[in-house]
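Reading the structure
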Amino acid sequence: MKLTCIVCPNSCELNIEKEKNEYIITGNKCKRGYYFALNELKDPRRTICTTIKTIFKDKPRLSVKTNSEVPKNKIFEIMQNINKFILKEKIEPGSIVLKNVCNTGVDIITTDEIE
Amino acid sequence: MKEYEVIIIGGGPAGMAAALKVNNEGCKALIIEREERLGGILKQCIHDGFGVLKFNERLTGPEYALKYKNIIKNKDIDILLKTFVIEIKKDKDFHIKIINENGIHILKTKTVIFSTGCRERTSKQIFIQGERPAGIYNAGTAQYMTNIMGFMPGKNCIILGSGDIGLIMARRLTLEGAKVLGVYEIKDTPSGLTRNIRQCLYDYDIPLYLSHSITKIFGKERIEAVEISKVNKNYELIENSKKIIKCDTLILSVGLIPENELLEDLGITIDKKTNGAFVDNDFMSVEIPGIFICGNALHVNDLVDYVSESGEIAGKKACEYIKNKKTNNKNTKVDINENFLYIVPQYINENSNDEIIFYFRSKKRFENAKLKIFLDDKIVEKNYNKLIPAEMEKLTIKNIKNKKISMILE
């Protein structure tokens, strides 16, 4: 099986083979590629970067992200929750707007400022 | 008339990095930015993956920009927002004519750093037959609509070109509930980064069609469908391969071009390979000393980390130029063979004893490529497992002073 590592710009081409009960991973330039491949097989996860609505005229949308990776199959469910949210006060970048989104243990935090 | 040592045109990642370096070196800098905020295109690039090389974290575009903005805020750096540069003239110094809400002014400066970034190729530049209805957007415009304004460009989208912004918009629109019917690329290899093909298309089951192009647009008011054809290796249409696909949106991700009108007005020649100016390893124009060019205005980078890095070099070298009052560098051209798409810098200042950073792209895909670097008669070899035009390579060479340099890629 072949995978492209998405951890860093090197985009290493990973080769995964199963030998007995162990995965043999080659092609990765660093350890992060090894763990990426293992996670990708067992529990693929991604960060989500999107925006939330605000009530501010000059900044109708504020960018947000998940503060760590969420299971790939929950992405659209999480998006639905994020899209229901409307920001009504000015907050610092990095502030939590949704805690423990869809019971993933992951928070949605802002990634930009409102001037 | 207000006088500066360094005027920086463009307050994106290259300009902000340049300004900070100039400030660190003890010179007075002014940033001129045409938008309301610093940050350049990063403001709308809300996806993550920025700063992996520079900060060792995966930042989003706004986060990367904020890191710089917050440092700049506390420094003695002048900033003019909502200001356009309309003309630059040179006698002993440079005179920069600007326009903003306070009117037209002229500023005097010893050096100018161009960090004007790049813009997208438009639909006019790719010659598609048919109507010109609404619903055709550049990928960057679609990104601005979605991420800044909060508007959906459309519901059933076709993307032409596999550039990174197009790939990222394929994912973004899918997340927001649109259907991306396919990404069509005229070349037989993708233009975007491999990791973006994977995480933006494969993750969301968006098909990528290589060796395909859009040959006709249908629709009077709003786009209703496109005609798609297969092409051969020479981009010639393959007969009977036409297919019509219904859609309400066409997004173009067909390449970026450095923004260089102001340089051309100054009489600076543009390198047809990079679409930027010819520079030496100080990132100084080889034609007009005192002009420095960095970031995507010099050549289109694939990572913002390199954009900031080139801004820092330009900032440092502009200050050295002011302090040493050098008039003209003695430059030699870097010879490269035909397997390079381009190399930057194109020239080397013979008196320079610094280690030199080169950025280059290969013309085609190479497996197990060998790069031979000739320094006078000494040869250094470097091996690459894989080189593709979509991914830029960085190369650092030391001890280059007074040497002839040439490179062969095979």
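Heads up: the structure comes first, above all this text.
Residues numbered from 1 in each chain as written. Chains lettered and ligands numbered in written order. Predicted model: local features only at pLDDT ≥ 70, side-chain atom pairs only at ≥ 80, totals over all residues. Heavy atoms only, no water.

Across its full length, chain B carries seven helices and 29 strands. In summary, chain B has a C-alpha radius of gyration of 22 Å against a globular reference of 22 Å for 410 residues, a match within 12%. Seen along its three principal axes, the alpha-carbon backbone of chain B occupies a region of about 65 × 60 × 40 Å. Expressed as a percentage of the 410 residues in chain B, the buried residues total 58%. For chain B, restricting intrachain contacts to residue pairs at least 6 apart in sequence, the fraction spanning at least 24 positions comes to 63%. Per element, the accessible surface of chain B, about 18,000 Å² overall, is 48% carbon and sulfur. Taken as two groups, the 61 positive and 54 negative side-chain charges of chain B have centres that lie 1 Å from each other. (Helix = DSSP H or I, 4+ residues; strand = E, 2+ residues; numbered from the N terminus. Rg over C-alpha atoms; globule rule 2.2 N^0.38 Å. Buried < 20%, exposed > 50% of the residue type's maximum accessible area, 1.4 Å probe, protein only. Contact = heavy atoms within 4.5 Å. Areas by Shrake-Rupley, 256 points an atom, 1.4 Å probe, with all protein chains shown as cover. Lys, Arg positive; Asp, Glu negative; His and termini not counted. Charge placed at Lys NZ, Arg CZ, Asp CG, Glu CD.)

Further remarks concern the interface of chain B and chain A. Chain B puts 31 residues into the contact, and the matching count from chain A is 34 residues. Between chain B and chain A, a total of about 2,800 Å² is buried, with carbon and sulfur atoms accounting for 50% of that surface. Where chain B touches chain A, the interface holds nine salt bridges. Linking B:Glu63 and A:Lys65 is a salt bridge whose minimum nitrogen-to-oxygen distance equals 3.0 Å. At the boundary of chain B and chain A, one finds 15 residue pairs in polar contact (both at pLDDT 80 or more). At the level of elements, α2 (61-73), α3 (139-149), α4 (164-175) and α5 (194-201) of chain B are the ones that each hand at least two residues to the side of chain B that touches chain A. (Buried area = accessible area lost by both parts, 1.4 Å probe. Salt bridge = Lys/Arg side-chain N within 4 Å of Asp/Glu carboxyl O. Polar contact = N/O pair within 3.5 Å; in protein donor to acceptor, adjacent residues only side chain to side chain.)

A separate point is the side chain of B:Lys43. Residues and elements named next belong to chain B. With respect to the helices and strands, the residue Lys43 is situated in the loop between β2 (29-32) and β3 (48-50). For Lys43, a relative accessible area of 12% gives the class buried. There is a polar contact of 3.4 Å between the side chain of Lys43 and the backbone oxygen of Arg37. Lys43 has contacts with Glu35, Arg37, Leu38, Pro62 and Ile148, leaving out every residue within four places of it along the chain.

Let us look at the pattern of salt bridges. Within this structure, the stated rule accounts for 36 salt bridges over all chains. One salt bridge connects B:Lys69 with A:Glu113, and the closest N-O pair in it is separated by 2.7 Å. Taken together, the residues span two chains, with B:Lys69 in helix α2 and A:Glu113 in the segment after β10 (108-110). A:Glu113 carries the same exposure label as B:Lys69, and that label is buried.

In total, this model carries twelve aromatic pairs over all chains according to the counting rule given. A centroid spacing of 6.1 Å and a plane angle of 85° characterise the contact between A:Phe76 and B:Tyr204, whose relative ring orientation is edge-to-face. With A:Phe76 in helix α2 (residues 75-84) and B:Tyr204 in the loop between α5 and β14 (208-209), the pair connects residues from two separate chains. Residue classification places A:Phe76 among the partly exposed residues on the basis of a relative accessible area of 41%. We classify B:Tyr204 as buried; its relative accessible area is 15%. (Phe/Tyr/Trp six-rings, centres within 6.5 Å; stacked < 30°, edge-to-face > 60°.)

The next thing to look at is the sheet that holds β14(B). Residues and elements named next belong to chain B. Ordered by their spatial adjacency, five strands build an open sheet running β11-β18-β12-β13-β14, and the pairing between neighbours is parallel. The open sheet terminates on both sides in strands that have one partner only, identified here as β11 (136-138) and β14. Bridging between strand β13 (residues 179-184) and β14 involves two bridges; their strand directions are parallel. Bridge pairing in β14 places Val183 opposite Leu208. Against the sheet, α4 contacts β12 (156-160), β13 and β18 (249-252), and its axis sits at roughly 165° relative to β13. (Pairing = 2+ DSSP bridges. Axes fitted to C-alpha atoms, helices over the stretch in contact; angles between N-to-C directions.)

Another point: the pairing of strand β28 (residues 393-397) of chain B. Residues and elements named next belong to chain B. With burial as the criterion, only one face of β28 is covered, namely that bearing Glu393, Leu395 and Ile397; the residues Lys394 and Thr396 on the opposite face remain uncovered. Relative to β28, strand β25 (residues 356-362) is paired through five bridges, and the arrangement is antiparallel. The residue of β28 that forms the bridge with Tyr359 is Lys394.

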